[in-house]
Amino acid sequence: MKPIRLRMNAFLGFKDECSIDFTKLYDDRIFLITGATGAGKTSIFDGICYALYGKASSNDRDKADCYRSQLAGAKDDMEVELEFSVRGEKYNIKRTETAKGTSKVLFYRESDRQNPLVKAREVNQEIETILGLTLEQFKKIVMIPQGEFREFLASSTKDKSDILKKLFSTEVYQDFQDRIKAKYDESKKLDSELILRFREAMAEAGITDQDIDMGEGPLKDKLEATEIEKIRIEAEASEKEALLKASEAEILAAEDNNRRLAAFRTAEKQLNELSSEEPKVISDSKFLDGIMKARLILPKEKELVSKTRDLEKAGKSLETALMETGKNEKLRESLQKEKERSDREYSTLDALKAEKSMKADLLEKSASLESVRKKAESLQKERARLEKEKDTLSERLRKAESLAAEEAALKGDEGRLSLQVSDLKIVKLRLEGERKLLLDAHRLVKKLEGEREKLEKAGTEEKGWKRRSGECMHAFQAAEETRKASLGAILRMDLVEGEPCPVCGSCSHPLTVADAGGFDEESYLSAQKALENSNRELARSEQKLEGIRSSLSEIEAEVKEFYAASGLNETTIDEIIREGTAKKDLITRADEEIAAAEEKRTKASRELQRLRGEIEGLEGVKERLDSISSYLQKASEELGAARGEERTLVEQGADIDIKAVSHEIEALGQRIEAIGKAHESIAASLKETDLKLTALSERSGTLAALKEALITETLDLRNELETSIASEGLSVDEYDLLKGKIPEIPVREREIRNFYEGLNKARGAYSQLEGDCSGRAEIPLLPLHEKKENAEARLEEARKSLSSVDKECFKLAGLLVKAEETVSRYKANRERFGALSRLHSTASVGRSFETFVQSYYFDGILGMANKRLWKMSEGRFQLKRKEDQASRREKIGLDLNINDAYTGRERDVLSLSGGESFKASLALALGLSDFLESSRGSVNLETIFIDEGFGSLDQDSLENALGCLMDLNVSGRIVGIISHVSELKERIPRKITVKSKPGAGSFAEIS
C-alpha cells in the first residue's frame, strides 16, 4: 500500500482542511515527520489508519473513540479522505462524521467510480481483502505506533501466539487439533460406555467376571441350555394338553348321550300330552265354524240397530220440540206482564237520581271534615313524638362526649401493642436468620465430612490399583524379556525351507519353532491385556481421586468463605445442632409471645372499632336536635290551621254519619241501575221468545215426516235379518250366543293352528329320536369332570414353567443381541480409538499443530530479523527462542532471549537497555514485515511507518539503524518516520513539518 494523498478536516488537531501529497516524497523513498511535541505529528498516521479502518493507529487513542477536533465549529463535519495505490491500482476512501454524529463512508476504485461502496461493513471487508491485512496486523507490520514499538519484542508467549494467530491464521490448526481431541474423547467415552453396557448385559444374565475382550460366549451357552430346557417343557406340555383334550372329548360325548336321551324322553311325554287334547280341539274347531257364520250375519243386525236408534232419536226430538213450544208460549205471557210493571218503575228514575246527587255532595263535605280531623290528630302525635325524640337525642349527645374520651384511651393501648408486636417480630427474624446460618453451616460441614470420607475411600482404591498395576507391569516385563530373547525364533516361525529369508536372504533355515525359548504368545497377550486394563483402571481411579480432591478443595473454600461471611465460629456438627435447637426454642417462644400480643392487639382493635361505630352512629346528634326544634314549631302552626278548617265544615252540616249516608247513596245507585237493566232485559227476552216459537213450529213439522220414513225402513231390515239367520241353519238364540264370541276368532284360530303344529312337530321329533335312543343309558358326568380338572391343573403347571423359561429365553436372546452388537461396536471402536489415541498423542503432547506452525513462522521471522539486528548491533546481538521447557508436555514457548556475542551467553530480552531494546524491536518489526511479505503473496508492503524510538540510540547505532532503513529504501519501500532527533533531520532531506497555532489548530508543510 502506497499513500498518494491524505486530506483531513476537523480531525483531531487539524481544525481546518489539511491536504498532504505523498507523491512529492516518492523520489527519496524515506521521509521524516517532524514538529514540536503536541503539534499533531502522530495525527497524520492516525488519519491514514482511520481512513482505511475507521480506527486510530494507537490503542490509547482508539479507546478514547473521539476523533472530532475540539476546535471544530458546531456545524462542521469531520472528514478524512485517503487516495492510495496497491500494486499499481488506485483507490479512494472517504470517512465522514456529520455535526449530528452520523457516520458515512464512500469507497471506490479509480477504474470503477460508477460502483462505489457506502456500507461500513462492506468497505472494511474490501479494505482487508485489498491490503491482505486486518487492523491489528496493519498496526504490527505497516504502521508501528508510538509507545507500542517494543510490544511484540517483550510480549509473553501467549501474546505472541495470539499475534501470530492473527497474522498467519493458524487457528485452523488448533481447530483441527481440537477436532482430533473431540473425536478422541468421543471414542474414549464410547469405549467406556460399551464396556459398561457389556458388563450390565452380562450381569443381567447372571454372568459375572466376563470381560468384553473375552466375548459373549458364556451368554450364548446359557441361552442354548435354556432353549433346550424350553423344548423339553414344550414336549411335556404337549403331552398334558393331549390328555386334557381327550378328557374334554370324553365329557362332550357323555353330555351328548345324556342330552339325546333327555330329548327323547321329553318328546315322548309331549306327544302323549298333545294326543290326549286332540278331541277337545276338534270340538273347538266346529264351534269356531258357527262363530264365523255369525260374523257374516252381524253387519245386517248392526244396520237394523242403527235404523232403530235413528227412529228413537227422531221420536224423542219431535216430543222435545212440542214440549219446548208449550213452555215458550207460557213464558211469553209471563214476560208481557213483567214488561208492564217495568214500564211503571222506569218512570221514577229522574227523582231517584236527584236524591242521590244531593246525598253525594253532603258526603264529600263530611269526608273533608274527617280528613281535617285526622290531620289534626296526626300533627298532635307528631309533636309529641318530636318532643320525645328531642329528649332522647339530648341524652345521646352526652353519651357521645363520654365515648370520645374512651376512644382516645384505646388508641393509646392499640399503638403500644402494635409496637410490642413489631419488636417481637424483629427479634424472631433475627433468630430465624441466625438459625438459617446454623442450618447452612450444618449442611456444609456434613457435606465436607462426606467428601472427606469419599477421598479416603478413593485413596484406598487408588493404592490398590497402583499395587495391581505394578504387579501387571512386572508380569508384562517378564513376558517382554522372554519375547525379546525368543524374537529370532519367532521370526523364523513363518519361514519355509528353500525360500529366501526376507532378512538375510538365506534359503536354509536350520532352527525350528521349538527353539522359541518357551515363549507363549497367548500368555504374552494376556499379560499385555492385564497391564492395559490395570493402567486404565488406575487412570480412572486417579481421575476420580483428583476430582474428589478438587471437589473437597472447593467445599473447604466454600466452608471458609461461609464462616468468614457469616461471622460464625467454626464448630463441630454436635455444637451446631445444640445451638440450632436453642435458636429453634427461642423462635417458638417468640412466636408464642407474638401470638399473645397479637391477640391483645386484636381485642383492643375490636373494642376500638366498636366505639368508633357507636361514635359514628352518634354523629349529627346536635344537628338533628336543632332540626327537631324547627319541626316542632312548624307542626304547632299546621295544627292551629287544621282546627280552624274543622270548625267551618261543622257549621256547613258536614258532621254526619258518613257510613249511613254512603249506604243510602249506594242503595240509590243500585236501584237506579237495577230498574234500567230490568227494563232492557225484559224487552230483549220478549223478542227472543217470539223468535224461538217461530223456529220450533218449523222444526216440529220436519221431525214428524222423518219419523214416518224411519218406521218403514226398520220393518224391512228386521224381516231381512230373520231370513239370513234361518238360511245359515241357526236359531235366533244360537245366533245371539255365537255373535258374542266373534272377537275370539283370531285367538281360537291361532290356538288350533299352534296345537296341530306342536302335535306334528312332537310326532316328527319322537320318530327321529326313537331309533337313535333305543338301548342308550345315562352316563355319570362327575367322575369325568374331576378327571378333566386334574388334567387342566397339570397342564397349567407345565404352561407356567414354559412361560417362565420362554421369558428367560427371550431375555437372554435380547441380551445376546445387545452383547454381540456391543462387542462388535467395541472392536470397531478399539481400532478407531487406537488410531485416534496415537494421533491425539502426536497432536497434543509437546508441540501442538498450531504451536509447530507458529514456531515455523516465528523462526522465519527471527531469521530475517537477525540479519538486520546483526548489522544494527555490529555483529553483537542475535535473537533466539527460549528452549528451556522442563517437560515434554509443556507448550513450546515463544519467549525470546538475546545472544550477546560479547559475553558468549544468552539472556532475556527484557534485560536490554533502551537503545538496545529499540534496535531489537525495530529489527523484529522489519523481520516480521519482510517475512510476511515473502510468505503471503496477498500482502504488498510498499510503505512502512515508524513512530518515535530513535532518540534512545547513540550515534553509531543511529547510523546502523538508518543503514537498515536505507536498505528498505533500496528495496523499493517508502519509509515514514516520526522523530525529534536532530541527526535524522539532517540525514533525511524530505520532511513533513507539522505546526500548530493556538485556536487555529495544526497544519502541515512538505519540504
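Residues numbered from 1 in each chain as written. Predicted model: local features only at pLDDT ≥ 70, side-chain atom pairs only at ≥ 80, totals over all residues. Heavy atoms only, no water.

Turning our eyes to something else, we now look at the overall build of the chain. A count of helical and extended segments in the chain gives 21 helices and 15 strands. Counting the 1007 residues in the chain, one finds 36% classified as buried. Considering only contacts in the chain between residues 6 or more positions apart, those separated by 24 or more positions represent 76%. Roughly 59,000 Å² of accessible area belongs to the chain as shown, and the carbon and sulfur atoms make up 51% of that amount. (Helix = DSSP H or I, 4+ residues; strand = E, 2+ residues; numbered from the N terminus. Buried < 20%, exposed > 50% of the residue type's maximum accessible area, 1.4 Å probe, protein only. Contact = heavy atoms within 4.5 Å. Areas by Shrake-Rupley, 256 points an atom, 1.4 Å probe, with all protein chains shown as cover.)

Between its first and last C-alpha, helix H3 (residues 120–131) extends 16 Å over twelve residues, near the 16 Å set by a 1.5 Å rise per residue. Within H3 the residues assigned to the buried category are Val123, Ile127, Ile130 and Leu131. For H3, the angular spread of buried residues about the axis comes to 85°, placing them on one side. In H3, those exposed residues whose orientation departs by more than 90 degrees from the buried face are Arg121 and Thr129. Looking at the buried residues of H3, the elements they touch are helix H1 (41–53), strand S4 (78–86), strand S5 (89–97), strand S6 (103–109), strand S7 (112–117) and helix H4 (135–141). With its phi angle positive at about 75°, Gly132 sits one or two positions after the end of H3. (Expected span 1.5 Å × (residues − 1). Arc of directions from axis to C-beta.)

A few words on the nonpolar core. The biggest cluster of nonpolar side chains holds 92 residues, and the ones touching the most others in it are Phe22, Ile44, Leu52, Phe84, Phe138 and Ile992. Broken down by element, this core gets its largest block of residues, nine residues, from helix H19 (residues 914–935). When residues no more than four places from it in sequence are discounted, the contact partners of Ile992 are Ile20, Phe22, Leu25, Phe31, Leu32, Ile33, Thr34, Ile44, Ala1004, Glu1005 and Ile1006. Counting 27 residues, the second-largest nonpolar core is a separate cluster that includes Ala294, Leu738, Ala762 and Leu769. (Core = buried A, V, L, I, M, F, W, Y, C linked by side-chain atoms within 4.5 Å.)

Turning our eyes to something else, we now look at the sheet that holds strand S2 (residues 18–21). Strand order in the open sheet formed by six strands is S2-S1-S4-S5-S6-S7, with antiparallel pairing between adjacent strands. Of all strands in the sheet, those with a lone pairing partner are S2 and S7, marking the two edges. Taking each pair of neighbouring strands and ignoring which way they run, the sheet shows an average axis angle of 15°. Bridging between S4 and S5 involves nine bridges; their strand directions are antiparallel. Looking at S5, one finds that Val80 is bridged to Arg95. The strands that H1 touches are strand S1 (2–9), S2, S4 and S5; relative to S4, the one it contacts most, it runs at about 80°. Sheet contacts for H3: S4, S5, S6 and S7; angle to S6, the most-contacted strand, approximately 40°. (Pairing = 2+ DSSP bridges. Axes fitted to C-alpha atoms, helices over the stretch in contact; angles between N-to-C directions.)

Take H1 next. In a regular helix each residue adds 1.5 Å, so 13 residues correspond to 18 Å; H1 covers 19 Å between its end C-alpha atoms and thus fits that length. Burial of H1 is extensive: 13 of the 13 residues sit out of reach of the surface. Directly after H1, the chain includes Gly54, whose backbone phi takes a positive value near 80°.

Attention shifts here to the sheet that holds strand S12 (residues 943–947). Read from one edge to the other, the open sheet built from six strands follows the order S8-S12-S13-S3-S14-S15, with strand pairing classed as mixed. Looking along the sheet, the strands with just one partner apiece sit at the ends: strand S8 (143–144) and strand S15 (1001–1006). Of the pairings in the sheet, the one linking strand S14 (residues 991–997) to S15 comprises six bridges and is antiparallel in character. In the strand pairing of S15, Val994 is matched with Ala1004.

Moving on, we get to the UniProt feature "coiled-coil region" (unreviewed entry) in the chain. The feature "coiled-coil region" (unreviewed entry), as annotated in UniProt, sits at residues 223–257, 524–558 and 587–628 in this numbering. Structurally, residues 524–558 is divided into 100% helix and 0% strand, and its ends, taken at the C-alpha atoms, are 50 Å apart. (UniProt positions renumbered as here; feature names shortened; annotations may be inferred.)

This part is about the packing of aromatic side chains. Throughout the structure, instances matching the rule amount to eight aromatic pairs. Between Phe22 and Phe31, the aromatic rings sit 6.1 Å apart at their centres with planes inclined by 55°, giving tilted as the arrangement. Across the pair, exposure class does not vary: Phe22 and Phe31 are buried alike. Here the aromatic rings of Phe84 and Tyr91 are separated by 5.4 Å at their centres, their planes lie at 25°, and the arrangement is stacked. The two residues Phe84 and Tyr91 agree in class, both being buried. Its end group placed over the ring of Tyr26, Lys2 keeps NZ or CZ at 4.3 Å from the ring centre. (Phe/Tyr/Trp six-rings, centres within 6.5 Å; stacked < 30°, edge-to-face > 60°. Lys NZ or Arg CZ within 6 Å of the ring centre and 35° of its normal.)

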